[in-house]
There are 2 protein chains.
Amino acid sequence: MQIVANVLMETINWDSNGLVCAVVQERHSLRILMVAWMNAEALQHTIESGYAHYYSRSRRKLWMKGEQSGHRQKVFEMRLDCDGDAIVLLVEQLGDIACHTGHASCFYRIYQQQNWQIVDPIIKSEDEIYSSQSNEQ
Amino acid sequence: MQIVANVLMETINWDSNGLVCAVVQERHSLRILMVAWMNAEALQHTIESGYAHYYSRSRRKLWMKGEQSGHRQKVFEMRLDCDGDAIVLLVEQLGDIACHTGHASCFYRIYQQQNWQIVDPIIKSEDEIYSSQSNEQ
């Protein structure tokens, strides 16, 4: 746990739960794929492995994106914002699906006519994605 | 306060503080400019005015982006994610500066060599931006 420099971690403005917001952007299309949360352990695993790891607030545990779906995210760049409480990950999205619903991006609903309308297709059904296990988000 | 349909607001998964995460993306470059927070009032003002409004967690109040700097954000599209706790705003950034530091984007630091290195220039100094007042972020 010592190979990541303290200065890297100390610059981050972790919230009261020890988390930082992570915005995930696809490196070719620049499409925003998802927003997740990282604790220090998730960030460290991301740096060490080169694949995005997050902290699940609902399940209260570390997870590697794609650990069940195979839809891993290879990280090419990480940026930190001015006040240190948000990170942008520039990634290559394996399988071209980031969302557990089977949409390419979690942001598949657009505000139109005073509601959130689904505008993007499901590329693969959840059943197909999680044929053997389930639970990933 | 009634002109925005309840269904719009009820679909959002507001956190325990009544906030939703807002990721701001420039509509031409698709660059991620900043991450901020919205309460229901900020979202309503954004929809009604067409310009991004946020809720400042530090100052505990609604603010319009650019109210002091002039660097307003004209909103062209809003997307909601699968679990309803994050919004992407696609904006035109007036003045081409989103960050209170004078950088184009708040994400001006990249992870390199175990640290966060500043890689983008300051376009305009804070003094120049906030010549008469200050306090915006």
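Above this note sits the structure.
Computed from a predicted model, the values in this text were never measured in an experiment. (Residues numbered from 1 in each chain as written. Chains lettered and ligands numbered in written order. Predicted model: local features only at pLDDT ≥ 70, side-chain atom pairs only at ≥ 80, totals over all residues.)

Draft legend 1. Here's a closer look at the interface of chain B and chain A. Taken together, the contact between chain B and chain A spans 31 residues of the former and 31 residues of the latter. Secondary-structure elements contributing two or more residues to the side of chain B that touches chain A are α1 (6-10), β1 (20-26), β2 (32-38), β5 (73-80), β6 (86-93), β7 (109-112) and β8 (115-118) of chain B. Examining the composition of the side of chain B that touches chain A, we find that four residues originate from one element, β5(B), more than from any other. Tallied by class, residues from the side of chain B that touches chain A come to 21 nonpolar, six polar and four charged. Both strand β7 (residues 109-112) of chain A and β5(B) contribute to a ladder of two bridges, which runs antiparallel. When the bridges of β5(B) are listed, A:I110 appears paired with B:R79. (Contact = placed C-beta atoms within 7 Å. Helix = DSSP H or I, 4+ residues; strand = E, 2+ residues; numbered from the N terminus. Nonpolar A, V, L, I, M, F, W, Y, C, P; charged D, E, K, R; others polar. Pairing = 2+ DSSP bridges.)

Draft legend 2. The relation of the copies chain B and chain A, seen in detail. Least-squares fitting of chain B to chain A yields an RMSD of 0.0 Å, with the superposition described by an axial translation of 0.0 Å and a rotation of 180°. On this basis, the relationship between the two copies can be described by a two-fold rotation axis. Closest to the rotation axis within chain B is the C-alpha of B:L30, separated from it by 3.1 Å. The overlap is high: 100% of the interface residues of chain B also sit at the interface in chain A, so the same surface is used on both sides. (Least-squares fit on C-alpha atoms with pLDDT ≥ 70 in both.)

Draft legend 3. Looking closely at unusual backbone geometry. Residues and elements named next belong to chain B. The phi dihedral of L30 is positive, around 65°, even though this residue is not glycine. In this structure, L30 sits in the loop between β1 and β2. A residue is classified by how many C-beta atoms lie within 10 Å of it, and L30, with 14 of them, is partly exposed. With phi around 50°, Q113 is a residue other than glycine that occupies positive phi space. Examined against the element boundaries, Q113 turns out to sit in the loop between β7 and β8. Under the C-beta neighbour-count criterion, Q113 is labelled exposed, with 8 such atoms within 10 Å. (Buried ≥ 20, exposed ≤ 12 C-beta atoms within 10 Å, placed from the backbone.)

Draft legend 4. Molecular detail of the sheet that holds strand β6 (residues 86-93) of chain A. Taking strand neighbours across the sheet as the criterion, the six strands line up as β2(A)-β1(A)-β6(A)-β5(A)-β7(B)-β8(B) in an open arrangement whose pairing is mixed. The open sheet is flanked by β2 (32-38) of chain A together with β8 of chain B, the only strands paired with a single partner. Put simply, the sheet's adjacent strands are angled 35° from each other on average, direction ignored. (Axes fitted to C-alpha atoms, helices over the stretch in contact; angles between N-to-C directions.)

Draft legend 5. Inspection of the pairing of β1(B) at higher detail. Residue and element names in this part refer to chain B. Counting buried positions along β1 gives five out of seven residues, so the element sits mostly inside the fold. Between the antiparallel neighbours β1 and β2 lie five residues, among them L30 with a positive phi of about 65°. As paired strands, β1 and β6 are joined by six bridges and run parallel to one another. Paired with E26 across the bridge in β6 is V91.

Draft legend 6. The environment of B:I97, seen in detail. All names here are of chain B. Inspection of the secondary structure puts I97 in the loop between β6 and β7. By the C-beta count within 10 Å, which is 21 here, I97 ends up buried. Setting aside chain neighbours within four positions, we find I97 in contact with H71, G102, A104, I123 and K124.

Draft legend 7. Focus on the pairing of β7(A). Residue and element names in this part refer to chain A. Every second residue of β7 is oriented toward a common face, the buried set being R109 and Y111 and the non-buried set I110 and Q112. Strand direction decides the pairing type here: β7 and strand β8 (residues 115-118), joined by four bridges, are antiparallel. In the sheet register, Y111 faces β8, and the bridge partner there is W116. Hairpin connection of β7 to β8: two residues between the antiparallel strands, including Q113 at a positive phi of 50°.

Draft legend 8. Spatial organisation of the environment of A:S131. Residues and elements named next belong to chain A. Following the sequence through the fold, S131 ends up in the segment after α3 (126-129). Judged by C-beta crowding, with 11 C-beta atoms within 10 Å, S131 ranks as exposed. Taking the C-alpha atoms as reference points, S131 and Q68, separated by 63 residues in sequence, lie 9.5 Å from one another.

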